[in-house]
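Residue strings, one per chain:
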Amino acid sequence: MNKKTQEALEVILKRVQTIDDELLKEETLKDIKLMTDLNKERSSLDETANKYLEFKRIESDLKDAKEILENEKDPEMRELAKMTLDESEEAIEKVEAEIELLLLPKDPNDDKNVIFEIRGAAGGDEANIFAGDLFRMYAKFAEKNNWKIDVLDQNESAAGGFSQISFMVKGESVYSKMKFESGSHRVQRVPKTESKGRIQTSTATVAVLPEISDVEVDIKPADLRIDTYRSSGAGGQHVNTTDSAVRITHIPTGVVAASQDGRSQHDNKDKAMTMLRARIYEAELEKQQSEAASMRKSAVGTGARSEKIRTYNYAQNRVTDHRVNLTLNKLDQVIEGNIDEIITELINNEQKELIAQQIEGK
């Protein structure tokens, strides 16, 4: 382990000790916010600190084993020291690699809940049906992870599925896993509406936005236009007869968010504001980027058939993620929410890229 990394780890250890000392103070125990903040910070440092302590223990064992081999004459003691040395060298290499991953720069949004926006794109009715399939896939994955789903807004398609659906996923570190789902998803299959059995290619776009608090995005009430209207379902049938649906427009940016699936106008307003904050936050990020294309366009694209991050081929029971060249011949399982293998591969790929960037920066 290089000196710079070790110095950084010592700073983390000292900070953990400082936090522990602060948490024992009477004035801290009386301040709920301070206690919450300190516990949250300690939790974020805990895994790295413990892994570094493990490294130090192994390093000490290595040093002791080397000293025995240099000074000890007894054959049994030397044999024992040699075994310890071999085991410790293997263990310390593994721990160093784990520490390297823990020290990679963290996405500040990784611990947040997310807002999904799925839209049927190229392919007409079949694209909308596929958008519904993707929604069910993510809903089942969320259920497996004990996450909660809350539908914010939806436009059902007469043929099935959705022309658009927005929903929030709440749980532990949701964004860290789901952020890779942004993009254009392509399906190849025989549509239910196809009478001659011909395979059709259609797409649906997915956008994954981190949930943003009102502290992170300052929205002035005077900058909002709030409209109410009647909620309606597929085919124009009224869900209710009151103006409970809410559409909010942020006048300075033109960003719009709407919700009609809440239990009341107040509930829909809260949901629409949640989406609005996320979209405005995303717009602010786009301004900070040097690329001409926006964050959403680079992630989602136009929905054209040629633009895709993943292909779902039903005839061959195959799913391919084109970003990491991963192909799995178990689409039937993936579409039931078993997407862990794909997400793990995408996370590993991101980590490799971050490590490569750090090496280039040294």
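Please refer to the structure higher up on the page.
Now for a look at the structure at hand. Keep in mind it's a predicted model, so treat the numbers as computed, not measured.

**Considerations on the environment of Met178**
So, step 1. Tracing the backbone through its elements, the reader meets Met178 in helix 6 (residues 174-178).
So, step 2. Looking at Met178, the relative accessible area reads 2%, which means it is buried.
So, step 3. Setting aside anything within four residues of it in sequence, one finds Met178 in contact with Phe116, Tyr138, Phe141, Trp147, Val208, Ile339 and Ile343.

**Quick look at the side chain of Gln164**
So, step 1. Checked against the element boundaries, Gln164 lands in strand 3 (residues 162-170).
So, step 2. Of the polar contacts made by the side chain of Gln164, one reaches the side chain of Ser166; its length is 2.6 Å.
So, step 3. The residues touching Gln164, leaving out its near neighbours within four places in the chain, are Ile118, Arg119, Asp153, Gln154 and Asn155.

**Remarks on the sheet that holds strand 11 (residues 326-328)**
Hydrogen bonds between backbone atoms are what pair the strands of a sheet, whose relative direction is either parallel or antiparallel.
So, step 1. Judged by pairing direction, the sheet is mixed, and its eight strands sit side by side in the order 2-3-1-5-4-9-10-11 without closing on themselves. Each end of this open sheet is capped by a strand with a single partner; those strands are strand 2 (148-156) and strand 11. For this sheet, the mean inter-axis angle between neighbouring strands, taken without regard to orientation, is 15 degrees.
So, step 2. Pairing of strand 1 (residues 114-120) with strand 5 (residues 200-210) involves seven bridges; the strand directions are antiparallel. Across the sheet, residue Glu117 finds its bridge partner in strand 5, namely Ala207.

Conventions we followed
- Residues numbered from 1 in each chain as written.
- Predicted model: local features only at pLDDT ≥ 70, side-chain atom pairs only at ≥ 80, totals over all residues.
- Heavy atoms only, no water.
- Helix = DSSP H or I, 4+ residues; strand = E, 2+ residues; numbered from the N terminus.
- Buried < 20%, exposed > 50% of the residue type's maximum accessible area, 1.4 Å probe, protein only.
- Contact = heavy atoms within 4.5 Å.
- Polar contact = N/O pair within 3.5 Å; in protein donor to acceptor, adjacent residues only side chain to side chain.
- Pairing = 2+ DSSP bridges.
- Axes fitted to C-alpha atoms, helices over the stretch in contact; angles between N-to-C directions.

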